[in-house]
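# Survey of secondary and tertiary structure
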Amino acid sequence: MKLRFICLVSLFFMHAANATIISEYTTSRSDGSDIDYYLVHQVDEAESDTLLLILQGSDCNSVLHIDSILTDYKNVWPQADILLIEKYGINKELSYSANAERTDCPEKYIQHDNPQQRVEDIKRVLNVVRTDKKHTNLIVLGGSEGAVVANLASAQIDGISATVSFNGGGRKFIDDVVHSIKKSASSVAEAEASIAGFKAFSTHNINQNSKDIEASGHGYKWWNQMLSIDQLEVLNNVNTPLLVVQGGRDLSVSPQEVDEMIFDLKESGKSNIDYLRYEDLDHGFESPDGISMRKEITLDINSWLKSKLDNHL
């Protein structure tokens, strides 16, 4: 393992009394490739007993360049040490882009990134970070694709105290894509044609081991797994506290499918999963007039976490 300090005071999170130290580490996967990860804490905070793992969505960006992580989402548990893990093939040298189909996305990322790979990376990093047993609480928080990964991790990794997954979609990814197509299409005919094309693509991906597939900034492994995951089954295997948060105006995933999945979980007797639905908020937790409500959302999540963590006082 290698340790590097990338900055003593984070340039984009610096405030007069709120300087942030980010320490950079590297560990290795079984194939010899590097996993870059970061531990973040406030200069003026006492040593924390809580580790907060924050998982980004499906974008091809360094996790360090996602501003909302250390401006908003860190506040779900402000006193926590924050753990951030880069995706396969990505490091902090990759400049930020809001383009989902950016042309400079690393080929290693296209070929190897997928939800289960992210879970395996989490396992490896946690095996290193938690060896000193300093953190008695581990919170996992993820949004969009990060929510799917958070759910998978919580079903597979012991020692997670609580999980928050937001705007991660319903039981099947294909239903969320169909929802997104319907919401973005300019006509019924356009929607029907796009849905038919996507279903044909999905069938081909599931039935053929087509390593050359690349669509919307993702390769075969990503598409194959996203189309195969049953989130109802995943969440049935989570036995620790988990909060699902969903915006009712989400155009990327189907709020209705999430509602139905939560109903099925409750009907099956799952009592460890709670659900918050914000009717007027979109995928990024913005209101209809474009105002971000992330600050309010994080306060609600903080209240939920306080009710679940044993030693929060």
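Above this text you will find the structure in question.
Conventions used here
- Residues numbered from 1 in each chain as written.
- Predicted model: local features only at pLDDT ≥ 70, side-chain atom pairs only at ≥ 80, totals over all residues.
- Heavy atoms only, no water.
- Salt bridge = Lys/Arg side-chain N within 4 Å of Asp/Glu carboxyl O.
- Helix = DSSP H or I, 4+ residues; strand = E, 2+ residues; numbered from the N terminus.
- Buried < 20%, exposed > 50% of the residue type's maximum accessible area, 1.4 Å probe, protein only.
- Disulfide = S-S within 2.5 Å.
- Polar contact = N/O pair within 3.5 Å; in protein donor to acceptor, adjacent residues only side chain to side chain.
- Contact = heavy atoms within 4.5 Å.
- Pairing = 2+ DSSP bridges.
- Core = buried A, V, L, I, M, F, W, Y, C linked by side-chain atoms within 4.5 Å.
- 1 Å grid on protein atoms, 1.4 Å probe; cavity = no way out; pocket = protein on both sides within 12 Å on 5 of 7 lines; lining within 4 Å.
- Points joined across faces, edges and corners; volume = space filled by probe spheres on them.
- Nonpolar A, V, L, I, M, F, W, Y, C, P; charged D, E, K, R; others polar.

Per the counting criterion, the structure on display carries twelve salt bridges. Of the charged contacts in the structure, one is a salt bridge between Lys 92 and Glu 24, with a shortest N-O distance of 3.1 Å. Taken together, the residues Lys 92 in the loop between strand E5 (81–85) and helix H2 (107–112) and Glu 24 in strand E2 (residues 20–28) connect sequence positions 68 residues apart. For Lys 92, a relative accessible area of 26% corresponds to the partly exposed category. Arg 294 is paired through a salt bridge with Asp 72; the nearest N and O atoms lie 2.9 Å apart. With Arg 294 in helix H10 (residues 294–308) and Asp 72 in the loop between helix H1 (67–71) and E5, this residue pair connects regions lying 222 residues apart in the sequence. We note that Arg 294, like Asp 72, is buried. A single network of salt bridges, built from pairs that share partners, joins Glu 24, Lys 92 and Glu 93.

Before going further, it helps to examine the state of the cysteines. Under the definition given, this model contains one disulfide. Two residues share a disulfide in this structure: Cys 60 and Cys 105, whose sulfurs sit 2.0 Å from each other. A torsion of 105° about the S-S bond marks the disulfide between Cys 60 and Cys 105 as right-handed. A residue pair is termed long-range when its members are at least 10 positions apart, and Cys 60 in the loop between strand E4 (50–55) and H1 and Cys 105 in the loop between E5 and H2 qualify at 45 residues. Looking at Cys 105, the relative accessible area reads 12%, which means it is buried.

All right, on to the side chain of Asp 121 then. Within the element layout of this structure, Asp 121 appears in helix H3 (residues 115–129). Overall, the relative accessible area of 2% leaves Asp 121 in the buried class. At 2.9 Å, the side chain of Asp 121 and the side chain of Gln 117 are in polar contact. In contact with Asp 121, not counting residues within four places along its chain, are Arg 29, Ile 35, Ile 85, Glu 86 and Tyr 88.

In this section: the pairing of strand E11 (residues 273–278). When strand E10 (residues 242–247) meets E11, the two strands line up parallel, connected through six bridges. If you follow Leu 242 over to E11, its bridge partner there is Ile 273.

Counting 37 residues, the largest nonpolar core has Leu 83, Ile 85 and Ile 122 as its most contacted members. In contact with Ile 122, other than residues within four places in its own chain, are Leu 53, Leu 55, Ile 85, Val 149, Ala 153 and Ile 157. Val 63, Ile 66, Phe 166 and Leu 309 belong to the second largest nonpolar core, which has 31 residues in total.

In this model, the largest pocket occupies a volume close to 1,300 Å³. Contributing to the lining of the largest pocket are 50 residues, with Gly 57, Ser 58, Asp 59, Ser 144 and His 283 lying nearest its centre. For the lining of the largest pocket, the elements supplying multiple residues, two or more each, are E4, H1, strand E6 (137–143), helix H4 (145–156), helix H5 (173–184), helix H6 (188–207) and helix H7 (220–228). Sort the elements by how many residues they give to the lining of the largest pocket and H5 lands first, with five residues. Partitioned by chemical class, the residues of the lining of the largest pocket number 23 nonpolar, 20 polar and seven charged. Volume-wise, the second largest pocket comes out at about 360 Å³. Residue assignment for the lining of the second largest pocket shows that the elements contributing at least two residues are E2, strand E3 (34–42) and H3. The element that contributes the greatest number of residues to the lining of the second largest pocket is E3, accounting for four residues. Taken together, the residues that form the lining of the second largest pocket break down as nine nonpolar, six polar and five charged.

A separate point is the side chain of Gln 231. Looking at where Gln 231 falls in the secondary structure, it is placed in helix H8 (residues 231–236). Only 3.3 Å separates the side chain of Gln 231 from the backbone oxygen of Gly 169, close enough to count as a polar contact. Ignoring anything within four residues of it in the chain, the contact list for Gln 231 reads Val 148, Asn 151, Gly 168, Gly 169, Gly 170, Arg 171 and Met 261.

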